[in-house]
Amino acid sequence: GVITMNVTRELKVCTKEELGINILDGIMPEITRLDGVDEPVTVRIANPTSNLEYLKLIADNNYDFHIDIDTVAYSLAYDLKESTDIETLYLSCYRPPYTVAECEIYASNAKEELFSPQNLVVSIDNNDDSQMIGEGEYRSAYFKTEGLSCRYFGFLHKKSNAKDGMSRIRILGAYNSEYT
């Protein structure tokens, strides 16, 4: 169903301690390639070996590396197993021109409706300095939410600005103070 909520964007870079425990940590997302290429998605950590299990690492609040996802358009769907309150959202990705250009975050209580327009929580444009803040090689987007509770959490990577077509993400997070 449709989720009613308020979302406030803040230009803020967070530490692990400020973020707390990521609700998505340990959940293997379902990845769907959306670029029309009929090949498996490769997921790497600064090495040539691809392993889809690396997708779990973008939710573990690790600031030491980023994950390379080798496709310009894809979705990640997380099943939280039950309706879960989310108070903050955080995305940290590599700076342009080597990363996510445009993406969206979705939330729903019905898997088949997750990426429907009515379940859009936020849109992010990494090329817009009013939406992302820099931190050396990385840029971050931070959102406070009110009334956001969902079973399914989705990330839609719409466009890459990387010359090699990769998406480089350090952290994708959903947080609730109960989990900190």
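Criteria and thresholds
- Numbering of residues begins from 1 in every chain and follows the order in which that chain's sequence is written.
- Per-residue local features of the predicted model are confined to residues with pLDDT of at least 70, and side-chain atom pairs are confined, for both listing and counting, to 80 or more; whole-chain, interface and lining totals are unaffected and use all residues.
- The basis for the side-chain values is all heavy atoms of the structure; hydrogens and waters are excluded.
- Secondary structure follows DSSP: runs of H or I at least 4 residues long count as helices, runs of E at least 2 residues long count as strands, and numbering of each begins at the N terminus.
- In this description the radius of gyration comes from C-alpha coordinates, and the expected globular size is given by 2.2 Å times residues to the power 0.38.
- The classification of residues rests on relative accessible area computed with a 1.4 Å probe and restricted to protein chains. Under 20% of the type maximum is buried, over 50% is exposed, and intermediate values are partly exposed.
- Working rule for contacts: check all heavy atoms of both residues, and any pair within 4.5 Å makes them a contact.
- All accessible-area figures derive from a Shrake-Rupley calculation using a 1.4 Å probe, and residue coverage is judged against the displayed protein chains alone.
- We score Asp and Glu as negative and Lys and Arg as positive, and we do not count His or the chain ends.
- For the purpose of locating charges, the reference atoms are NZ of Lys, CZ of Arg, CG of Asp and CD of Glu.
- Pairs were defined over the aromatic rings of Phe, Tyr and Trp, the Trp ring being its six-membered one, requiring ring centres within 6.5 Å. Orientation was assigned from the angle between planes: stacked under 30 degrees, edge-to-face over 60, tilted for the rest.
- Pairing between two strands is assigned when DSSP locates at least 2 bridges connecting them.
- Criterion for a salt bridge: a side-chain nitrogen of Lys or Arg within 4 Å of a carboxyl oxygen of Asp or Glu.

A.B. asks: I'd love a proper account of the overall build of the protein, names of residues and values included.
C.D. replies: Helix and strand counts for the protein stand at one helix and 12 strands. Written out in order from the N terminus, the α and β elements of the protein read β-α-β-β-β-β-β-β-β-β-β-β-β. Taking 2.2 N^0.38 as the reference for a compact globule, 180 residues should give roughly 16 Å; the C-alpha atoms of the protein span a radius of gyration of 15 Å, in line with that estimate. In the protein, buried positions account for 51% of the 180 residues. In the protein, 80% of the contacts between residues at least 6 apart in sequence involve partners at least 24 apart. Of the roughly 8,200 Å² of accessible surface on the protein, a fraction of 47% belongs to carbon and sulfur atoms. Taking the average location of the 17 positive side-chain charges in the protein and that of its 29 negative ones, the two points are 4 Å from each other.

A.B. asks: I'd like a rundown of the packing of aromatic side chains, residues and numbers included.
C.D. replies: Counted by the stated rule, this structure contains four aromatic pairs. Here Tyr78 and Phe153 contribute two aromatic rings whose centre-to-centre distance is 6.1 Å and whose plane-to-plane angle is 65°, an arrangement assigned as edge-to-face. Placement of the pair is Tyr78 in strand 5 (residues 74–85) and Phe153 in strand 11 (residues 149–160), with a sequence separation of 75 residues. On the basis of relative accessibility, which here comes to 1%, the residue Phe153 falls in the buried class.

A.B. asks: So, the pairing of strand 5: which residues are in play, and what are the values?
C.D. replies: When strand 2 (residues 30–33) meets strand 5, the two strands line up antiparallel, connected through four bridges. Among the inter-strand pairings, Arg33 is bridged to a residue of strand 5, identified as Tyr74. As paired elements, strand 5 and strand 11 share eight bridges and run antiparallel to each other. Directly across from Thr84, in strand 11, lies its bridge partner Cys150.

A.B. asks: Describe the pattern of salt bridges, with residues and values.
C.D. replies: Applying the stated criterion across every chain yields a total of eight salt bridges. When the shortest N-O distance is used, the salt bridge between Arg33 and Asp35 registers 2.8 Å. Here Glu53 ties to Lys56 by a salt bridge, and the two come within 3.1 Å at their closest N and O atoms. Under the relative-accessibility criterion, Glu53 is labelled partly exposed at 40%. Taking relative accessible area as the criterion, Lys56 reaches 26% and is therefore assigned partly exposed. Because the salt bridges share partners, they merge into one network encompassing Asp79, Lys81 and Arg151.

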